[in-house]
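Chains, contacts and geometry: an overview
Chain by chain, the residues:
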Amino acid sequence: MRRALLLTLLLVLCTQGVAGTQAVVLVVPADSNVVDLEPVTVRKLFLGLPVLVNGVPLHPFRNRSDAQLDPIFLQQIVAMSQSAYDRQILIGVNRQGWLRPVELTTRARVLATLYSDPNAVTFMWLRDVERNPKVRVIRVLWSD
Amino acid sequence: MERLTNSLRVRLTSVVLVIHAALVPLLYLGVSAIVEDGYAELFVNPLRSNSRLIADELEAADAQEFPRYAGALLDSVVLSGQVVFAEITDGAQTLHSSLSSVSPGRARGDDFEFADHGDQVYYISHRVKRGTRWVVLRLGFDEGPTLERIAAAKRRVLAAVLAFTAASIAVAIWLSAVIARPMVRLQEAAKRVAGGDVHTELQMHSSIREVRELNHHLERMRQELVGTNDRLESEIRGREASEQKRLDLERRLLHRERIASIGTLAGGVAHEFNNILTPILLYSQIALDDTAPDGALARDLTRIVAAAHRARSLVNRILTFSREMHSQEPAVFSLRPTVEEALALMRAIVPANIEVDFDASEDGTAVQGDPSLVHQVVINLCTNAYQAMRRTGGRLSVKLRGIDNPGDGQINPGSYALLEVGDTGHGMEQAVILHIFEPFFTTRDVGEGTGLGLSVVHGIVTSMGGSITVESAVGQGTTFRVYLPAAAAQVCERSGALG
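Residues numbered from 1 in each chain as written. Chains lettered and ligands numbered in written order. Predicted model: local features only at pLDDT ≥ 70, side-chain atom pairs only at ≥ 80, totals over all residues. Heavy atoms only, no water.

Moving on to the overall build of chain A. Scanning chain A from N- to C-terminus turns up six helices and seven strands. Each helix and strand of chain A, placed in order from N terminus to C terminus, yields the pattern α-β-α-β-β-β-α-α-β-α-β-α-β. The buried share of chain A, reckoned over its 144 residues, is 43%. Carbon and sulfur atoms form 58% of the exposed surface of chain A, whose accessible area is close to 7900 Å². (Helix = DSSP H or I, 4+ residues; strand = E, 2+ residues; numbered from the N terminus. Buried < 20%, exposed > 50% of the residue type's maximum accessible area, 1.4 Å probe, protein only. Areas by Shrake-Rupley, 256 points an atom, 1.4 Å probe, with all protein chains shown as cover.)

The following block contains the structure:
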């Protein structure tokens, strides 16, 4: 009984420790040519502007598998509110012919996209990718 | 209390109040949420972009100049007005703007929603790459002015909502009064109709089509009810008149049957009595002829003959009443000379305190019958009249005229010669009127009358196919009306019967 209580306490402390160091990172497939992207480039990418690396267009995917990612995406990546972002996307798609970033609503689909598209770029919780050899972290976007 | 709460005005007003009580808070909360979201959008959107730009500026700054440049940038950011806290830290060292109004120890992590944490500062942190290491730019933006604007806007919204509510309630009260007014008028009119005033027109002047149509339909219903009511009342009056007429006819029939039975009885008695009188009169006359005129026996026989003649006269009058008299051959004659002749006789008889008036017209006064019987009718009626006025005096009025279809329900339709004999004497009670045509009925003292006068008149008039009516009131006088069929009408009726 005492052992069970100690294990539970340890588990809670570990969870709090993980939660206290959570971070959102920009990721690409492990075999991607992308090394790093500046914040301005990342912003362009997720606003739908075409971004080429070594002559190859990157494919941005908006990760919506976790609702907590949305405010971080809006504040740290595109630096605007949701409505402003929607207006900007509409303007870009309709007037400039840009492509709307594909939205993925489950973590499995995000990972599957990263595995299948070497030009894919997206953002994820660090804890979800730090032990995944098929995914490479290229930038920390936000950390608590 | 229940009467008050069930009234239309209170119900309508209550419904509006309940709707407002439910919707106005929702309206206020909804508008407030829109206002808050709008201001939050206006606040968050530019500062996210600005903080991103500052972070990008730092990331692109020259490495050699970075410490000095970063300090100047942080100060300039704070001096821009909206930023109240700015610092750059790499974990070991922290560069803090000396112009910040928030102490470094109170700074905390990011805000992702406007007005999080309640400290009126919106914090944004950006990781900035400086070569191979990362630093964190942390900016705090003042939410106070925006919160004040939101509060002011919410106060304006609240005032507008309260004004709208007050206006709506006032309009609801006015509208409920406008809607209820025709109903109240209709209710009052319906009350009057229910109270018996069915001729009150239902008038509701309203601009509401449904109310006008309701008024129209109710007015039609009222008119139909009034029509039905009038028809029913008319029918009731008609039935009452018919019932009264039936009762009168029944009474007259009973009276006539009683008179007829009395007449039959009297006629039979008179006939037998006449048979007895005939030998008495015959043999008395023979004995008187055979007796010396100056003797006592002759005087006695003369008295016997005179008494026998009086008896025969009495019998004749009884026979007249029972229609068994022997009159002359009926002839058409005008009533006026006969009546004038009888009145000339009466003027000689009646005392001076009785005035005799005669008013006659020639038209329609020809009848068929025995003039001597009509003469007796006039004499008998006038005699009764002047005897009723003998002590007090008065006016004896006789009128003669032709009449078509008398309105009196007692007389059959047709053309008649109307002989009217009226007096201003003492009149008769109803109980007396019922028996005046019965033979030997009299109200006079013993020896003053035989009670045969009016029964003889009734017999004569009836034998001529006519009718007699009497109208009398105690103290006001009596009027007899004799209706004798006009001669022309009789001829026509006979022609029709033969045809």
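Right, let's get into the nonpolar core. Residue and element names in this part refer to chain B. One finds Leu335, Val339, Leu381, Cys382, Leu396, Leu419 and Phe480 to be the most contacted residues of the largest nonpolar core, which totals 49 residues. Among the elements that take part in this core, helix H8 (residues 371–388) stands out by supplying nine residues, more than any other. Among residues more than four places away in sequence, those in contact with Val339 are Phe358, Val378, Val398, Leu400 and Leu419. (Core = buried A, V, L, I, M, F, W, Y, C linked by side-chain atoms within 4.5 Å. Contact = heavy atoms within 4.5 Å.)

Residue and element names in this part refer to chain B. Taken together, the six bridges between strand S1 (residues 83–89) and strand S4 (residues 133–142) define a ladder with antiparallel strand orientation. Within S4, the position partnered with Phe85 by the bridge is Gly140. Pairing of strand S3 (residues 121–130) with S4 involves ten bridges; the strand directions are antiparallel. The partner of His126 across the bridge, within S4, is Leu137. (Pairing = 2+ DSSP bridges.)

Here we come to the interface of chain B and chain A. Counting residues at the interface gives 18 residues for chain B and 20 residues for chain A. When the two sides are added together, the surface that chain B and chain A hide from each other amounts to roughly 1700 Å², 46% of it contributed by carbon and sulfur. In terms of surface lost to chain A, no three residues of chain B exceed B:Arg48, B:Phe112 and B:Arg127, which account for 35% of the buried area on that side. Across the contact surface, chain B and chain A share three salt bridges. B:Glu41 is the partner of A:Arg87 in a salt bridge, and the nearest nitrogen-oxygen pair spans 3.8 Å. Run the count over chain B and chain A and you get 18 residue pairs in polar contact (both at pLDDT 80 or more). Only helix H2 (8–60) and S3 of chain B provide two or more residues apiece to the side of chain B that touches chain A. The residue makeup of the side of chain B that touches chain A, split by class, is five nonpolar, four polar and nine charged. (Buried area = accessible area lost by both parts, 1.4 Å probe. Salt bridge = Lys/Arg side-chain N within 4 Å of Asp/Glu carboxyl O. Polar contact = N/O pair within 3.5 Å; in protein donor to acceptor, adjacent residues only side chain to side chain. Nonpolar A, V, L, I, M, F, W, Y, C, P; charged D, E, K, R; others polar.)

Mapped onto the fold, A:Gln76 is located in helix H3 (residues 69–78). Within the structure, the side chain of A:Gln76 is placed 3.3 Å from the side chain of B:Asp110, a separation counted as a polar contact. When residues no more than four places from it in sequence are discounted, the contact partners of A:Gln76 are A:Leu141, A:Trp142, B:Arg52, B:Asp110, B:Ile124, B:Ser125 and B:His126.

Model confidence for chain B is summarised by a mean pLDDT of 84, while 94% of its residues fall at 70 or above. Overall, residues 491–499 of chain B carries pLDDT values under 50, and its contacts beyond four positions in sequence, including any with other chains, amount to one contact. (pLDDT = per-residue confidence, 0-100.)

Residues and elements named next belong to chain B. Two elements in contact, H2 and helix H4 (residues 144–194), have axes whose closest approach is 9 Å; the angle formed by their N-to-C orientations is 160°. By the angle class used here, H2 and H4 are roughly antiparallel. Here H2 and H4 pass one another in a crossing that is right-handed. A per-class count over the contact of H2 with H4 returns 24 nonpolar, seven polar and five charged. (Axes fitted to C-alpha atoms, helices over the stretch in contact; angles between N-to-C directions. Parallel < 35°, antiparallel > 145°, perpendicular 65-115°, else oblique. Left-handed = near helix turned anticlockwise from the far one by under 90°.)

All right, on to the packing of helix H7 (residues 335–349) of chain B against H8(B) then. Residue and element names in this part refer to chain B. At a minimum axis distance of 9 Å, the contact between H7 and H8 shows a crossing angle of 40°. As the angle between them shows, H7 and H8 are arranged oblique. Crossing of H7 against H8: the hand is right-handed. Across the interface between the two elements, Leu335, Thr338, Val339, Glu341, Ala342, Leu343, Leu345, Met346 and Ile349 from H7 touch Pro371, Val374, His375, Val378, Ile379, Cys382, Thr383 and Tyr386 from H8. Looking at the contact of H7 with H8, its residues break down into 13 nonpolar, three polar and one charged.

A cluster of nonpolar residues, B:Val15, B:Ile19, B:Leu23 and B:Leu26, forms a patch on the protein surface that exposes about 370 Å² of accessible area. Its place among the elements puts B:Leu23 in helix H2. (Patch = residues over 30% accessible without salt bridge, like charges linked within 9 Å, V, L, I, M, F, W, Y side chains within 5 Å.)

With that settled, the discussion passes to unusual backbone geometry. Residue and element names in this part refer to chain A. The backbone of Asn54 sits at a positive phi, close to 55°, despite the residue not being glycine. As for its position among the elements, Asn54 is in the loop between strand S2 (52–53) and strand S3 (56–57). Given the relative accessible area of 62%, Asn54 is considered exposed.

Let's shift gears to the pattern of salt bridges. Two side chains bearing opposite charge may form a pair once their charged atoms approach each other closely. Per the counting criterion, the structure on display carries 29 salt bridges over all chains. Put simply, A:Arg139 and A:Asp36 hold a salt bridge, and the shortest N to O gap is 3.4 Å. Linking A:Arg139 in strand S7 (residues 135–143) with A:Asp36 in the loop between strand S1 (23–29) and helix H2 (39–46), this pair joins segments that are 103 residues apart in sequence. Residue A:Asp36 is classed as partly exposed on the basis of its relative accessible area, which comes to 30%. A salt bridge links A:Arg107 to A:Asp128, with the shortest nitrogen-to-oxygen separation between them at 2.9 Å. With a gap of 21 residues between them, A:Arg107 in helix H5 (residues 107–116) and A:Asp128 in helix H6 (residues 126–129) connect regions that are remote in the sequence. Here A:Arg107 falls in the partly exposed class, since its relative accessible area comes to 46%. Residue class for A:Asp128 comes out partly exposed when judged on its relative accessible area of 22%. Put simply, A:Asp36, A:Arg139, B:Glu59 and B:Lys129 are held in one network by salt bridges that share partners.

For the rest of this paragraph, the subject is the side chain of B:Ser284. For B:Ser284, the location among the structural elements is in helix H5 (residues 209–289). If we skip the residues at most four places from it in the chain, B:Ser284 touches B:Pro279, B:Leu301, B:Ile304 and B:Val305.

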